[in-house]
Amino acid sequence: MLPFATVLLAELGDKTQLAVFCLAIKTRKRLQLLLGIVLAFIIADGIAVILGDFLARIAPYLVKTVSGIIFILCGLITLVKRDDGEDRKYDVRNSFISGFGLVLISEMGDKTQIVSGLFAAKYNPLLVFIGAVSALALLSAVTIYLGKYVIRKLDEELISKIAAIVFILIGILNLLNF
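The following paragraphs examine the structure supplied in this document. Every value quoted in this text rests on a predicted model; they were computed, and no experiment measured them.

Here we come to the packing of aromatic side chains. One pair of aromatic rings is described through two measures. These are the centre distance and the angle between the planes. Counted under the stated rule, the structure contains two aromatic pairs. Seen from their ring centres, Phe 96 and Phe 100 are 6.4 Å apart, and the 0° between their planes marks the pair as stacked. Highlighted residues: Phe 96 and Phe 100, both in helix α5 (residues 95-107), separated by four residues, approximately one helical turn. What makes Phe 96 partly exposed here is its relative accessible area of 30%. Between Phe 119 and Tyr 123 the ring centres are 5.8 Å apart and the planes differ by 40°, which places this aromatic pair in the tilted class. The class for Phe 119 is buried, based on a relative accessible area of 2%.

Attention now goes to the side chain of Thr 112. Mapping Thr 112 onto the fold places it in helix α6 (residues 111-122). Looking at Thr 112, its side chain comes within polar contact range of the side chain of Glu 11, at 3.3 Å. Leave out the neighbours within four places in its chain, and Thr 112 touches Val 7, Ala 10, Glu 11, Asp 45, Glu 107 and Leu 136.

So, how was this worked out
- Residues numbered from 1 in each chain as written.
- Predicted model: local features only at pLDDT ≥ 70, side-chain atom pairs only at ≥ 80, totals over all residues.
- Heavy atoms only, no water.
- Phe/Tyr/Trp six-rings, centres within 6.5 Å; stacked < 30°, edge-to-face > 60°.
- Helix = DSSP H or I, 4+ residues; strand = E, 2+ residues; numbered from the N terminus.
- Buried < 20%, exposed > 50% of the residue type's maximum accessible area, 1.4 Å probe, protein only.
- Polar contact = N/O pair within 3.5 Å; in protein donor to acceptor, adjacent residues only side chain to side chain.
- Contact = heavy atoms within 4.5 Å.

In C-alpha coordinates form, the structure reads like this:
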(Lines give C-alpha, C1' and ligand atoms only; values in the text may rest on other atoms or scores of the structure.)
Protein backbone atom coordinates (compact mmCIF):
# COMPACT_ATOMS: atom_id res chain seq x y z
CA MET A 1 0.00 0.00 0.00
CA LEU A 2 2.88 2.39 0.78
CA PRO A 3 4.41 2.10 -2.72
CA PHE A 4 0.97 2.65 -4.29
CA ALA A 5 0.23 5.76 -2.21
CA THR A 6 3.72 7.23 -2.53
CA VAL A 7 3.96 6.73 -6.29
CA LEU A 8 0.43 8.08 -6.76
CA LEU A 9 1.21 11.23 -4.78
CA ALA A 10 4.59 11.68 -6.45
CA GLU A 11 3.12 11.40 -9.93
CA LEU A 12 0.27 13.88 -9.31
CA GLY A 13 1.15 17.06 -11.11
CA ASP A 14 4.29 15.47 -12.55
CA LYS A 15 5.33 16.52 -16.05
CA THR A 16 4.70 12.98 -17.31
CA GLN A 17 1.04 13.29 -16.36
CA LEU A 18 0.85 16.76 -17.89
CA ALA A 19 2.29 15.32 -21.10
CA VAL A 20 -0.25 12.46 -20.93
CA PHE A 21 -2.96 15.07 -20.61
CA CYS A 22 -1.63 16.88 -23.69
CA LEU A 23 -1.65 13.64 -25.67
CA ALA A 24 -5.16 12.80 -24.45
CA ILE A 25 -6.66 16.01 -25.73
CA LYS A 26 -5.17 15.41 -29.17
CA THR A 27 -6.63 11.94 -29.75
CA ARG A 28 -9.93 10.12 -29.66
CA LYS A 29 -8.15 6.77 -29.31
CA ARG A 30 -7.87 7.03 -25.55
CA LEU A 31 -7.76 3.28 -24.87
CA GLN A 32 -4.80 2.86 -27.24
CA LEU A 33 -3.09 5.78 -25.55
CA LEU A 34 -3.68 4.28 -22.09
CA LEU A 35 -2.39 0.84 -23.16
CA GLY A 36 0.81 2.36 -24.56
CA ILE A 37 1.35 4.35 -21.39
CA VAL A 38 0.73 1.38 -19.09
CA LEU A 39 3.15 -0.80 -21.09
CA ALA A 40 5.82 1.90 -20.74
CA PHE A 41 5.25 2.07 -16.97
CA ILE A 42 5.46 -1.74 -16.74
CA ILE A 43 8.83 -1.73 -18.49
CA ALA A 44 10.30 1.29 -16.67
CA ASP A 45 9.18 0.23 -13.21
CA GLY A 46 9.90 -3.44 -13.89
CA ILE A 47 13.54 -2.53 -14.54
CA ALA A 48 13.63 -0.43 -11.36
CA VAL A 49 12.11 -3.18 -9.20
CA ILE A 50 14.48 -5.85 -10.53
CA LEU A 51 17.52 -3.63 -9.92
CA GLY A 52 16.31 -2.58 -6.46
CA ASP A 53 15.72 -6.19 -5.39
CA PHE A 54 19.11 -7.30 -6.77
CA LEU A 55 20.99 -4.54 -4.95
CA ALA A 56 19.15 -5.27 -1.70
CA ARG A 57 20.34 -8.87 -1.84
CA ILE A 58 24.02 -8.02 -2.35
CA ALA A 59 24.36 -4.94 -0.10
CA PRO A 60 21.29 -4.49 2.14
CA TYR A 61 22.74 -1.92 4.58
CA LEU A 62 24.22 0.18 1.81
CA VAL A 63 20.90 0.13 -0.06
CA LYS A 64 18.95 1.28 3.03
CA THR A 65 21.31 4.17 3.61
CA VAL A 66 21.49 5.23 -0.02
CA SER A 67 17.73 4.85 -0.47
CA GLY A 68 17.08 6.99 2.60
CA ILE A 69 19.33 9.72 1.23
CA ILE A 70 17.74 9.51 -2.24
CA PHE A 71 14.22 9.73 -0.80
CA ILE A 72 15.20 12.83 1.16
CA LEU A 73 16.88 14.39 -1.90
CA CYS A 74 13.83 13.65 -4.11
CA GLY A 75 11.64 15.29 -1.47
CA LEU A 76 13.86 18.35 -1.26
CA ILE A 77 14.12 18.65 -5.05
CA THR A 78 10.33 18.39 -5.33
CA LEU A 79 9.94 21.14 -2.73
CA VAL A 80 12.25 23.57 -4.53
CA LYS A 81 11.58 22.73 -8.20
CA ARG A 82 10.11 25.43 -10.39
CA ASP A 83 7.96 25.00 -13.49
CA ASP A 84 9.91 26.18 -16.51
CA GLY A 85 6.68 27.25 -18.22
CA GLU A 86 7.69 25.33 -21.32
CA ASP A 87 4.71 24.54 -23.51
CA ARG A 88 4.87 21.04 -24.97
CA LYS A 89 3.16 20.13 -28.23
CA TYR A 90 2.71 16.62 -29.56
CA ASP A 91 1.58 15.23 -32.87
CA VAL A 92 -0.50 12.15 -32.12
CA ARG A 93 -0.59 9.97 -35.21
CA ASN A 94 -0.57 6.66 -33.35
CA SER A 95 -1.87 6.99 -29.80
CA PHE A 96 -0.32 3.74 -28.55
CA ILE A 97 3.17 4.51 -29.85
CA SER A 98 3.01 8.17 -28.83
CA GLY A 99 1.97 7.31 -25.26
CA PHE A 100 4.45 4.45 -24.99
CA GLY A 101 7.42 6.41 -26.31
CA LEU A 102 6.72 9.56 -24.36
CA VAL A 103 6.25 7.79 -21.03
CA LEU A 104 9.08 5.29 -21.44
CA ILE A 105 11.58 8.04 -22.19
CA SER A 106 10.31 10.45 -19.55
CA GLU A 107 10.16 7.82 -16.80
CA MET A 108 13.74 6.58 -17.18
CA GLY A 109 15.48 7.97 -14.11
CA ASP A 110 12.31 9.76 -12.97
CA LYS A 111 11.61 9.99 -9.25
CA THR A 112 8.76 7.45 -9.40
CA GLN A 113 11.01 4.92 -11.13
CA ILE A 114 13.72 5.48 -8.54
CA VAL A 115 11.17 5.19 -5.73
CA SER A 116 9.93 1.88 -7.14
CA GLY A 117 13.49 0.52 -7.11
CA LEU A 118 14.07 1.77 -3.58
CA PHE A 119 10.84 0.21 -2.30
CA ALA A 120 11.76 -3.07 -4.02
CA ALA A 121 15.00 -3.10 -2.05
CA LYS A 122 13.02 -2.99 1.20
CA TYR A 123 9.70 -4.73 0.49
CA ASN A 124 8.39 -7.61 -1.61
CA PRO A 125 9.41 -6.68 -5.18
CA LEU A 126 6.30 -8.19 -6.79
CA LEU A 127 3.98 -6.25 -4.49
CA VAL A 128 6.00 -3.06 -5.06
CA PHE A 129 5.76 -3.57 -8.82
CA ILE A 130 2.00 -4.18 -8.65
CA GLY A 131 1.49 -1.17 -6.37
CA ALA A 132 3.61 1.20 -8.45
CA VAL A 133 2.20 0.18 -11.83
CA SER A 134 -1.36 0.20 -10.44
CA ALA A 135 -0.90 3.74 -9.12
CA LEU A 136 0.61 4.94 -12.39
CA ALA A 137 -2.05 3.21 -14.51
CA LEU A 138 -4.88 4.54 -12.34
CA LEU A 139 -3.58 8.09 -12.42
CA SER A 140 -2.98 7.91 -16.18
CA ALA A 141 -6.52 6.62 -16.77
CA VAL A 142 -7.93 9.45 -14.68
CA THR A 143 -5.72 11.93 -16.51
CA ILE A 144 -6.80 10.63 -19.90
CA TYR A 145 -10.52 10.25 -19.27
CA LEU A 146 -11.26 12.88 -16.66
CA GLY A 147 -8.29 15.20 -17.03
CA LYS A 148 -10.22 18.25 -18.14
CA TYR A 149 -12.30 18.20 -14.97
CA VAL A 150 -9.72 16.96 -12.49
CA ILE A 151 -7.03 19.49 -13.40
CA ARG A 152 -9.35 22.35 -12.45
CA LYS A 153 -10.02 20.93 -8.97
CA LEU A 154 -6.51 20.03 -7.77
CA ASP A 155 -3.89 22.43 -6.51
CA GLU A 156 -0.78 21.00 -8.18
CA GLU A 157 1.57 22.92 -5.90
CA LEU A 158 -0.08 21.57 -2.74
CA ILE A 159 0.01 17.98 -4.06
CA SER A 160 3.71 18.39 -4.92
CA LYS A 161 4.48 19.65 -1.42
CA ILE A 162 2.62 16.73 0.18
CA ALA A 163 4.53 14.27 -2.02
CA ALA A 164 7.83 15.95 -1.11
CA ILE A 165 7.12 15.70 2.62
CA VAL A 166 6.17 12.02 2.25
CA PHE A 167 9.46 11.39 0.40
CA ILE A 168 11.46 13.11 3.14
CA LEU A 169 9.68 11.16 5.90
CA ILE A 170 10.24 7.85 4.13
CA GLY A 171 13.92 8.76 3.70
CA ILE A 172 14.29 9.54 7.40
CA LEU A 173 12.57 6.28 8.33
CA ASN A 174 14.90 4.37 5.99
CA LEU A 175 17.95 5.97 7.62
CA LEU A 176 16.57 5.05 11.05
CA ASN A 177 16.02 1.46 9.81
CA PHE A 178 12.26 1.36 10.35
